[in-house]
Amino acid sequence: MSFVAFEDTLKSSRAYSLIKNDCANGLSHAYMVVSSDSDTIADFFMLIAATYYCDTKDACGNCVNCNTVIHGNHPDVFFINKDGKQIKVDDIKNLTSSTDIKSLSGSKLYFVNRADLMNPAAQNKLLKTLEEPPKGVTMFLGVFVMVVLNEKKVKGNVLYGMLIASVFYWICDFIFF
């Protein structure tokens, strides 16, 4: 049984393939996942976290590591803003302060849902961590788009050097900035 909706479709996407390759060869410090469906972003985040920590490196959904990710119990996986509300500077302060704490597994993954809802002060706070990321920390920023691309709401400096994965329903692609 699949632990995310449309798992096979997401796994067959180019975005998943590229990030899966990065999981095996070393993740970048930050990625932006862009989609017109916020549920797809959440599922994609779960799939990436499970893939990274999976014993088989393919998000099997059966191993202990996959199950700790799926049930929200992995000590080095952090999902920020699950409810999709505005992200304030205090939310980002909590995130950035935890990046300096040593991970239990060697790497930490932070998934920020609806990063397009960060207010300017929150973006500025996150920027320093993105510019000088602690070793072993990777951030995934999820941006919901409709007709107008909301990633434009995220300041240009935050986007600099970040890999951007576009997940539009069933079609996934990578855009390199």
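The residue count restarts for each chain, going from 1 along the sequence in the order it is written. A pLDDT threshold of at least 70 governs which residues receive local features in this predicted model, and a stricter bar of 80 or more applies before side-chain atom pairs are shown or counted, although totals over entire chains, interfaces and linings include all residues. Side-chain calculation: all heavy atoms of the structure are included, whereas hydrogens and water are not.

## Observations concerning the packing of aromatic side chains
Pairing of aromatic side chains requires ring centres within 6.5 Å, counting the rings of Phe and Tyr and the six-membered ring of Trp. Pairs whose planes differ by under 30 degrees are stacked, by over 60 edge-to-face, and all others tilted. What the rule picks out here adds up to seven aromatic pairs. Measuring from centroid to centroid gives 4.9 Å for Tyr52 and Tyr53, while their planes differ by 90°, and the two rings are edge-to-face. Three or more aromatic residues joined by ring pairs make a cluster, and in this case those are Tyr31, Phe45, Phe79, Phe111 and Phe140. Cation over ring: Lys57 sits above Tyr52, and NZ or CZ is 5.8 Å from the ring centre. Criterion for a charge above a ring: Arg CZ or Lys NZ at most 6 Å from the ring centre, at most 35 degrees from the ring normal.

## Section: the packing of helix H5 (residues 89–99) against helix H6 (residues 120–131)
A fitted line through C-alpha atoms serves as each axis, taken over the contacting stretch for helices, and the angle formed by two N-to-C directions is quoted from 0 to 180°. Secondary structure elements follow DSSP: runs of H or I of four or more residues count as helices, runs of E of two or more count as strands, with numbering from the N terminus. In contact at an axis separation of 8 Å, H5 and H6 are set at 15° when each is read in the N-to-C sense. In terms of their interaxial angle, H5 and H6 are classed as roughly parallel. Crossing hand, H5 versus H6: left-handed. Every residue of H6 that contacts H5 at Val89, Ile92, Lys93, Leu95, Thr96 and Thr99 is listed here: Ala121, Ala122, Lys125, Leu126 and Thr129. Taken together, the residues of the contact of H5 with H6 sort by class into six nonpolar, three polar and two charged. Should an angle fall under 35 degrees it is taken as roughly parallel, and over 145 as roughly antiparallel, whereas 65 to 115 is taken as roughly perpendicular and any remaining angle as oblique. Here is the rule for handedness: rotate from the far helix to the near one, and if that takes an anticlockwise turn smaller than a right angle the crossing is left-handed, while a clockwise turn gives right-handed. The criterion used for residue contact is that any of the two residues' heavy atoms lie within 4.5 Å. For this scheme, ten residues count as nonpolar: Ala, Val, Leu, Ile, Met, Phe, Trp, Tyr, Cys and Pro. Four count as charged, namely Asp, Glu, Lys and Arg, and the remainder, Gly too, count as polar.

## A word on the pattern of salt bridges
Each reported salt bridge corresponds to a side-chain nitrogen of Lys or Arg within 4 Å of a carboxyl oxygen of Asp or Glu. This model, assessed by the stated rule, comprises four salt bridges. Measuring nitrogen to oxygen at the nearest pair gives 3.2 Å for the salt bridge that ties Glu7 to Lys11. Taken together, the residues span about one helical turn, with Glu7 and Lys11 both in helix H1 (residues 7–11) at a distance of four residues. Its relative accessible area of 11% is what places Glu7 among the buried residues. Where Glu132 meets Lys128, a salt bridge forms, and the shortest distance between an N and an O atom there is 3.2 Å. Grouping residues by exposure puts Glu132 and Lys128 together as exposed. Each residue is placed in one exposure class: buried if its accessible area under a 1.4 Å probe, protein chains only, is under 20% of its type's maximum, exposed if it is over 50%, and partly exposed if it falls in between.

## Thoughts on the pairing of strand E2 (residues 77–80)
Between any two strands, pairing holds if DSSP finds at least two bridges. Sheet topology note: the E2/strand E3 (residues 108–112) ladder contains four bridges and is parallel. Counted as the bridge partner of Phe78 is Tyr110 from E3. Here, the term right-handed applies to a crossover whose path from the first strand over the helix to the second runs clockwise when the strands point away from the viewer. Crossover handedness for the path E2 to H5 to E3: right-handed.

## Here we look at helix H2 (residues 14–25)
Here the expected length of a helix is defined as 1.5 Å per residue gap, with one fewer gap than residues. The end-to-end C-alpha distance of H2, which contains 12 residues, comes to 16 Å, matching closely the 16 Å that a straight helix rising 1.5 Å per residue would cover. Restricting attention to buried positions, one finds in H2 the residues Ala15, Tyr16, Ile19, Asp22 and Cys23. When H2 is viewed along its axis, its buried side chains cluster within an angular range of 125° and face the same direction. More than 90 degrees from the buried face of H2, the exposed residues found are Ala24 and Asn25. A positive phi of about 115° marks Gly26, the residue just after H2. Relevant arc is that of directions from the helix axis to the C-beta atoms, nothing else.

## Here's the deal with the packing of H2 against helix H3 (residues 38–53)
Viewed as axis vectors pointing N to C, H2 and H3 meet at an angle of 30°, and their least axial separation amounts to 10 Å. Looking at the two axes, H2 sits roughly parallel to H3. Of the two possible hands of crossing, H2 and H3 adopt the one that is right-handed. Between H2 and H3, the contacting residues are Ala15, Tyr16, Ile19, Lys20 and Cys23 on the first element and Phe44, Leu47, Ile48, Thr51 and Tyr52 on the second. The residue inventory of the contact of H2 with H3, partitioned by class, reads eight nonpolar, one polar and one charged.

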